[in-house]
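So the chains spell out like this:
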Amino acid sequence: MSVPVEKEKEQRRSTTSLRILVVGMIFLATNLRATITAVGPVVSMIRDSLGISNAAIGTLTTIPLLAFAILSPFAPRLARRFGMEMVLFFVLIVLSIGLVLRPMGGFSTLYLGTILMGAGIAIANVLMPAFIKMKFPNNIGMMTGVYSISMNLTGALAAGLSIPIATSSSFGWKGSIGIWAILAIIALVIWIPQIRQRHNG
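Description of the structure in this document.

The rules we used
- Residues numbered from 1 in each chain as written.
- Predicted model: local features only at pLDDT ≥ 70, side-chain atom pairs only at ≥ 80, totals over all residues.
- Heavy atoms only, no water.
- Helix = DSSP H or I, 4+ residues; strand = E, 2+ residues; numbered from the N terminus.
- Buried < 20%, exposed > 50% of the residue type's maximum accessible area, 1.4 Å probe, protein only.
- Salt bridge = Lys/Arg side-chain N within 4 Å of Asp/Glu carboxyl O.
- Axes fitted to C-alpha atoms, helices over the stretch in contact; angles between N-to-C directions.
- Parallel < 35°, antiparallel > 145°, perpendicular 65-115°, else oblique.
- Left-handed = near helix turned anticlockwise from the far one by under 90°.

## Some details on the environment of Pro73
Consideration 1: Along the chain, the position of Pro73 falls in the loop between helix H4 (54–71) and helix H5 (75–82).
Consideration 2: Judged by its relative accessible area of 48%, Pro73 falls in the partly exposed class.

## Description of the pattern of salt bridges
Consideration 1: A full pass over the atoms with the stated rule returns 2 salt bridges.
Consideration 2: In this structure, the salt-bridge partner of Asp48 is Arg47, at a minimum N-O distance of 3.3 Å.
Consideration 3: Classification of Arg47 by relative accessible area gives partly exposed; the value is 25%.
Consideration 4: The partner of Lys135 in a salt bridge is Glu85, with the nearest N and O atoms 3.1 Å apart. In this pair, Lys135 is assigned in helix H7 (residues 107–135) and Glu85 in helix H6 (residues 84–101), connecting sequence segments 50 residues apart.
Consideration 5: Of the residues examined, Lys135 reaches a relative accessible area of 30% and is grouped as partly exposed.
Consideration 6: Judged by relative accessible area, which is 9%, Glu85 ranks as buried.

## As for the packing of H6 against H7
Consideration 1: Contact pair H6 / H7: the axes reach a minimum separation of 8 Å and the direction vectors enclose 155°. Taken together, the axis directions place H6 and H7 in an arrangement best described as roughly antiparallel. H7 is crossed by H6, and the crossing has left-handed handedness.

In short, shape yes, function no, at least from these values alone.
Here it is, written out as structure tokens:
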């Protein structure tokens, strides 16, 4: 096989890998705001359904902020120890588990799921800007824009669709906050090639 053909195949593989990476980043970004903003509009439904106090429901909404404050300093250390790709992959696992748990049962699973979700978001919020700089050193501005738009747009959509989903679905508020787990699972699957590439490298 000629050298030009080999180079062409290698270029195609590189382009495909880059596209998968961008799609993976977009789906990861969609989980960093929507999973939080989806809760606010249905807080009263959650409170009434579970029979919990206003204080308890208030704590629920502050968990992601507490997770960010507590876990953010550890994110760079984890990245140095295990690599950004691996840490972000683990973040997606934790995030997916948390989002699946949130609507599965009652008070305890809701809070446990929210804690896991908050932990994943806290780590990803710190690492993603650095990850973009590492992977796209010549297109930092553009890729940061893609990342930010994906994150903020889905956050706004989640806030706007939360009540319609809850009222039109037989699952109620559980369906409203649970549906976003789909994006996390998709992101997790798309992120697998990043782990394989790092391992092969």
